[in-house]
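Structure at a glance
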Amino acid sequence: MNRVRLGYACINLSLGSSGRTSRTSRLSNATPQHLEELSRANLVGLSEVLRWSVSHKIMVFRISSGIIPLASHPKAQWAWKQRLRREISSVGNFARKHGMRLSMHPGQYTVLNSPREDVVAAAAAELSYHAIFLDAMGLSSEHKIVLHVGGVYDDREASLRRFRENFENLPANIQRRLVLENDERNYGVYDVLNLCDSLGIPMVFDYLHHRAYASCGLNSAVMERVFQTWSGHDGRPELHYSTQKLGARTGAHADMIDADDFLHFISLLPRRAVDVMLEAKAKDKALLKLRLDLRGRYGLW
DNA sequence: TCTGGTCAAGGTGGT
DNA sequence: ACCACCTTGACCAGA
């Protein structure tokens, strides 16, 4: 068994159009029929991507939040869970059969700690869609929904308190999947660690965000704490890793992964099985290249 | 068939 | 007060 498994996010660049999973629609022409067609096509694409991944021994993948377009939008509601039950379940069966580790990651508009009630309600609806989708795939609580803490609103303590309160009000099927990730501006690794400890949920450590956040360096003690937030029913700790794009804004993802830098990072981790989600622009191609660069040198792959 | 403007959505920081 | 940026396509109207 590999101690370090690599994954990639949302898009497969090796498959052509057959691997598309995020066809979407403008709200203006989002009829239930149209959304259903798009969703079905996306699910076929997802099935292709998972098959491709398994055949390339890639067992970790992030499903695009766009798999069911506009799923949580109040003006575009339809019975996607009922109408696509068989298709979603079938894709899930394939993933389970092959022991894949899947996750999802709602975008920057999902803000659970907003002072605005309507924003919190929309965030809860979006998280609910993610949880229902993973539930419908028949996946255990090891398959996570990754979220950022949200805004600061000139008052960190109040904003963190609001996050805790709103988290406690979420239904259990969301709570059991929710994990929090450090961001590059608002909430750094210690903020998120403390919050995760108080909520009893895991933390996803993002390497590039941590570097962008500045202030503190990286050491084994921090990573030990991060790993401790993951208990048995959460599965392996999940980490996000990407290389800084040279000459671009701090935090911008490079196309590929720097293998030496990656190995240095891995050397700081506790000796425990881990899943590393690569957030490189070249997606699966960056993963294959990294694996090639590392092969034989360290016996990881 | 190609291209450029636009798209559900929030928060932050610069002007 | 307003706008660009974040992630990032993908859609769509018009050429």
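Notes on the structure in this doc start here.

About the criteria used
- Residues numbered from 1 in each chain as written.
- Chains lettered and ligands numbered in written order.
- Predicted model: local features only at pLDDT ≥ 70, side-chain atom pairs only at ≥ 80, totals over all residues.
- Heavy atoms only, no water.
- Near = heavy atom within 4 Å.
- Polar contact = N/O pair within 3.5 Å; in protein donor to acceptor, adjacent residues only side chain to side chain.
- Nonpolar A, V, L, I, M, F, W, Y, C, P; charged D, E, K, R; others polar.
- 1 Å grid on protein atoms, 1.4 Å probe; cavity = no way out; pocket = protein on both sides within 12 Å on 5 of 7 lines; lining within 4 Å.
- Points joined across faces, edges and corners; volume = space filled by probe spheres on them.
- Helix = DSSP H or I, 4+ residues; strand = E, 2+ residues; numbered from the N terminus.
- Buried < 20%, exposed > 50% of the residue type's maximum accessible area, 1.4 Å probe, protein only.
- Contact = heavy atoms within 4.5 Å.

**What to know about the protein's contact with DNA strand B**
- Taken together, 14 residues lie near DNA strand B, and Arg26, Leu27, Ser114, Val152 and Tyr153 sit nearest.
- For DNA strand B, the fraction of protein-proximal atoms (within 4 Å) that sit in sugar or phosphate groups is 54%.
- Here a phosphate oxygen of DNA strand B sits 2.5 Å away from a polar atom, N or O, in the main chain of Val152.
- The separation between a phosphate oxygen of DNA strand B and a polar side-chain atom of Tyr153 is 2.5 Å.
- A per-class count over the surface near DNA strand B returns 6 nonpolar, 5 polar and 3 charged.

**A short note on the layout of surface pockets**
- By volume, the largest pocket is sized at about 710 Å³.
- Partitioned by chemical class, the residues of the lining of the largest pocket number 6 nonpolar, 12 polar and 8 charged.
- Together, 21 residues line the second largest pocket, and Ser72, Gly107, Tyr109, Thr110 and Glu126 are the ones closest to its centre.
- Among the residues forming the lining of the second largest pocket, the class breakdown is 10 nonpolar, 9 polar and 2 charged.

**Digging into the environment of Glu36**
- Here Glu36 is to be found in helix H1 (residues 32–55).
- Judged by relative accessible area, which is 12%, Glu36 ranks as buried.
- If sequence neighbours within four positions are ignored, Glu36 has contacts with Trp78 and Arg83.

**Here we look at the protein's contact with DNA strand C**
- Taken together, the neighbourhood of DNA strand C is formed by Arg20, Ser22, Arg23, Thr24, Arg26, Asn29, Gln108, Arg249, Gly251, His253, Lys281 and Lys283.
- One of the side-chain nitrogen or oxygen atoms of Ser22 is found 3.3 Å away from a phosphate oxygen of DNA strand C.
- Here a base oxygen of DNA strand C and a side-chain polar atom of Gln108 are 2.5 Å apart.
- Within the surface near DNA strand C, the residues separate by chemical class into no nonpolar, 6 polar and 6 charged.

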